[in-house]
Protein chains: 2
Amino acid sequence: MSVTDDELGLRERKRLATRRAIQFASVELASERGFDRVTVDEISHAANVSPRTFFNYFRSKESAIIGDLPELPDGATIERFVDAGPEEPILAGIGELMVVAIDDTDFAGEESGAEADGRGAHRLHELRRALYKDNPQLFAMRISSMHKFEDELSAVLERRLARDDPELARNLEALKQRARLIMLVAFAAMRHAWTTWASLGGVGPLASLLRSSFAELQEVARTMS
Amino acid sequence: MSVTDDELGLRERKRLATRRAIQFASVELASERGFDRVTVDEISHAANVSPRTFFNYFRSKESAIIGDLPELPDGATIERFVDAGPEEPILAGIGELMVVAIDDTDFAGEESGAEADGRGAHRLHELRRALYKDNPQLFAMRISSMHKFEDELSAVLERRLARDDPELARNLEALKQRARLIMLVAFAAMRHAWTTWASLGGVGPLASLLRSSFAELQEVARTMS
DNA sequence: TTCAATTATTGCAGCCAATGCAAACTTGCA
DNA sequence: TGCAAGTTTGCATTGGCTGCAATAATTGAA
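Predicted, not measured: the structure shown is a model, and the values here were computed from it.

J.: Quick rundown of the protein's contact with DNA strand D? Include the residues and the values.
T.: A:Leu10, A:Lys14, A:Arg52, A:Lys61 and B:Thr53 are the nearest of the 20 residues found near DNA strand D. Note that a base oxygen of DNA strand D is positioned 2.5 Å from one of the side-chain N or O atoms of A:Arg52. Between B:Ser50 and DNA strand D, the recorded distance is 2.9 Å, taken from a backbone N or O atom to a phosphate oxygen. Only α2 (10-33) and α4 (51-57) of chain A together with α2 (10-33) and α4 (51-57) of chain B provide two or more residues apiece to the surface near DNA strand D. It is α4(B) that contributes the most residues to the surface near DNA strand D, 4 residues altogether. Tallied by class, residues from the surface near DNA strand D come to 6 nonpolar, 6 polar and 8 charged.

The following block contains the structure:
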């Protein structure tokens, strides 16, 4: 059992287990047969729940496959980024935040080694990525379901920009707009890293490609200005 | 009748009319009642076609509302962009291509003044934009259905980059990757322009905001490098 | 341990999007 | 006019998704 599980009551633990069972069944079956050749009925059956219960846990077939969304790192990491100062390249900083966010999502709930779905979590994420690769619509859905993450990142960027450039901080609207622009550019880098990863056959760590994309972005910025 | 229509046979003209009728009915009804409170049956009825015919024209309810995708300008404009030379700021150039692409899409088939659905085309686009504004999922779908446009723009960028930087042109993979990165950044600017437009209440010309966003992007690039 | 409140699961009935198929109909062309 | 090609339609069917109400499990308190 992972650490998180122990502190929860039976009810919560069961909920979590069911949630995972459904995700696992969805991804597993979709990988075997292709996304639109699996029905919710089949998934539910494989996960030992009723089809109706499936929809108690997930809004749609897609969202069961897409998995949990990334989250920003904890407070200290954020503060370090915000306070890094105008000399530190902001893009690299954002890149690191994203690397952490993605890694944390990918291995959430898998800290210890031997729980029931221990290796499952690894496998789950591999299969998911393969699905994204073969099924670009799913990736698009994942991206477009990240509004919350986008907003969070924007808010952090606002703070950083306000520190770096007190002049900009005086115009709140301008500050917000700039933060949003940089956030969107960062997401562009993320998409870039991902397509690069996919075009390389979908093997190897995404994190290092993410760093490369941010580095290239930095370089492009230099070239273009 | 618009010029384009006259050169077509009856069959083609009817097809076009049906297509427009369906789009119009979809957007109109969705604006009145909200996207998911309209059924395909209702739309079809309003457009005087059978529900089955609706799906002969559009893959899904969404795609009837989303409308036609943008297309790159004609050859001469493209060539001018490709040949502009390394001194010309590339971002501004892309921005202009996008402005043209968006304007052309928005008023396609509406060149002359007095055809049956003349004012209709204007109204159609206004309603569509309002729908995008109130219904971000639709906008996300529009964006993610632009793969073709993305690829076209990438290809054009490849040519431009190859001209500007013969060294880069020698490494085809690197060239492709860089083109794609810049394309994605340009799309980020587009999204930025759009959210700005939406946050301003959804009035006024999108084109000028698009130019602003590209200009700000230019400035950000300078700041960051 | 028992009981009542809360919360989860399930089956059922039903809506709607979307697709395949084959029959009727329209248009283009000789 | 008549035939080939393309278009519209109805019908039947699959499958995603929701509301509702009954049943079952979990919890916390007595």
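Picking up where we left off.
J.: Go over the interface of chain A and chain B, please, and point to the residues and values.
T.: With 29 residues of chain A in contact, the opposing surface of chain B contributes 29 residues. On the chain A side of the interface with chain B, the three residues burying the most area are A:Arg178, A:Leu181 and A:Met224, jointly 22% of the side's total. For A:Glu216, the salt bridge identified is with B:Arg178, shortest N-O distance 3.1 Å. Viewed at the interface, chain B and chain A are joined by 8 residue pairs in polar contact (both at pLDDT 80 or more). Of all the secondary structure elements, the ones that give two or more residues to the side of chain A that touches chain B are α7 (90-106), α9 (136-144), α12 (172-199) and α13 (206-224) of chain A. The leading source of residues in the side of chain A that touches chain B is α12(A), at 13 residues. Residue composition of the side of chain A that touches chain B, by class: 13 nonpolar, 9 polar and 7 charged.

J.: Residues and numbers for empty space enclosed by the protein, please.
T.: A full pass over the atoms with the stated rule returns 1 cavity of 30 Å³ or more. Reported here for the largest cavity is a volume of approximately 60 Å³. Every residue lining the largest cavity is listed: A:Val185, A:Leu217, A:Ala221, A:Met224, B:Val185, B:Leu217, B:Val220, B:Ala221 and B:Met224. Secondary-structure elements contributing two or more residues to the lining of the largest cavity are α13 of chain A together with α13 (206-224) of chain B. At 4 residues, α13(B) tops the list of elements feeding residues into the lining of the largest cavity. Along the lines of polarity and charge, the residues of the lining of the largest cavity split into 9 nonpolar, no polar and no charged.

J.: Requested: an account of the relation of the copies chain A and chain B, with residues and values cited.
T.: The transformation that overlays chain A on chain B combines an axial shift of 0.0 Å with a rotation of 180°, and the residual RMSD is 0.1 Å. Taken together, the turn and the small shift mark the pair as related by a two-fold rotation axis. Every residue of chain A has its C-alpha some distance from the rotation axis, and the shortest such distance is that of A:Ala221, at 2.3 Å. Most of the interface of chain A is mirrored in chain B, where 100% of its interface residues again form contacts.

J.: Requested: an account of the protein's contact with DNA strand C, with residues and values cited.
T.: Around DNA strand C lies a shell of 21 residues, among which A:Thr53, A:Asn56, B:Lys14, B:Arg52 and B:Lys61 are the nearest. When the atoms of DNA strand C within 4 Å of the protein are sorted by group, sugar and phosphate make up 64%. Between A:Thr53 and DNA strand C, the recorded distance is 2.7 Å, taken from a side-chain N or O atom to a phosphate oxygen. One nitrogen or oxygen atom from the main chain of B:Val38 is found 3.4 Å from a phosphate oxygen belonging to DNA strand C. Those elements giving two or more residues to the surface near DNA strand C turn out to be α2 and α4 of chain A together with α2, α4 and α5 (61-66) of chain B. The dominant element in the surface near DNA strand C, judged by the number of residues it contributes, is α4(A), at 4 residues. Classifying every residue of the surface near DNA strand C gives 6 nonpolar, 6 polar and 9 charged.

J.: So what's going on with the side chain of A:Lys61? Which residues, and what values?
T.: Residues and elements named next belong to chain A. Following the sequence through the fold, lysine 61 ends up in helix α5 (residues 61-66). Comment: no salt bridge for buried lysine 61; closest opposite-charge side chain is aspartate 36, at 6.6 Å. From its side chain, lysine 61 meets the backbone oxygen of valine 38 in a polar contact 2.8 Å long.

J.: Quick rundown of the packing of α12(A) against α13(B)? Include the residues and the values.
T.: At a minimum axis separation of 11 Å, α12(A) and α13(B) run at an interaxial angle of 80°. As far as their axial angle goes, α13(B) and α12(A) are roughly perpendicular. Touching A:Gln177, A:Arg178, A:Leu181, A:Ile182 and A:Val185 of α12(A) are B:Ser213, B:Glu216, B:Leu217, B:Glu219, B:Val220 and B:Thr223, all from α13(B). Taken together, the residues that form the contact of α12(A) with α13(B) break down as 5 nonpolar, 3 polar and 3 charged.

Conventions we followed
Residues numbered from 1 in each chain as written. Chains lettered and ligands numbered in written order. Predicted model: local features only at pLDDT ≥ 70, side-chain atom pairs only at ≥ 80, totals over all residues. Heavy atoms only, no water. Near = heavy atom within 4 Å. Polar contact = N/O pair within 3.5 Å; in protein donor to acceptor, adjacent residues only side chain to side chain. Helix = DSSP H or I, 4+ residues; strand = E, 2+ residues; numbered from the N terminus. Nonpolar A, V, L, I, M, F, W, Y, C, P; charged D, E, K, R; others polar. Contact = heavy atoms within 4.5 Å. Buried area = accessible area lost by both parts, 1.4 Å probe. Salt bridge = Lys/Arg side-chain N within 4 Å of Asp/Glu carboxyl O. 1 Å grid on protein atoms, 1.4 Å probe; cavity = no way out; pocket = protein on both sides within 12 Å on 5 of 7 lines; lining within 4 Å. Points joined across faces, edges and corners; volume = space filled by probe spheres on them. Least-squares fit on C-alpha atoms with pLDDT ≥ 70 in both. Buried < 20%, exposed > 50% of the residue type's maximum accessible area, 1.4 Å probe, protein only. Lys, Arg positive; Asp, Glu negative; His and termini not counted. Axes fitted to C-alpha atoms, helices over the stretch in contact; angles between N-to-C directions. Parallel < 35°, antiparallel > 145°, perpendicular 65-115°, else oblique.

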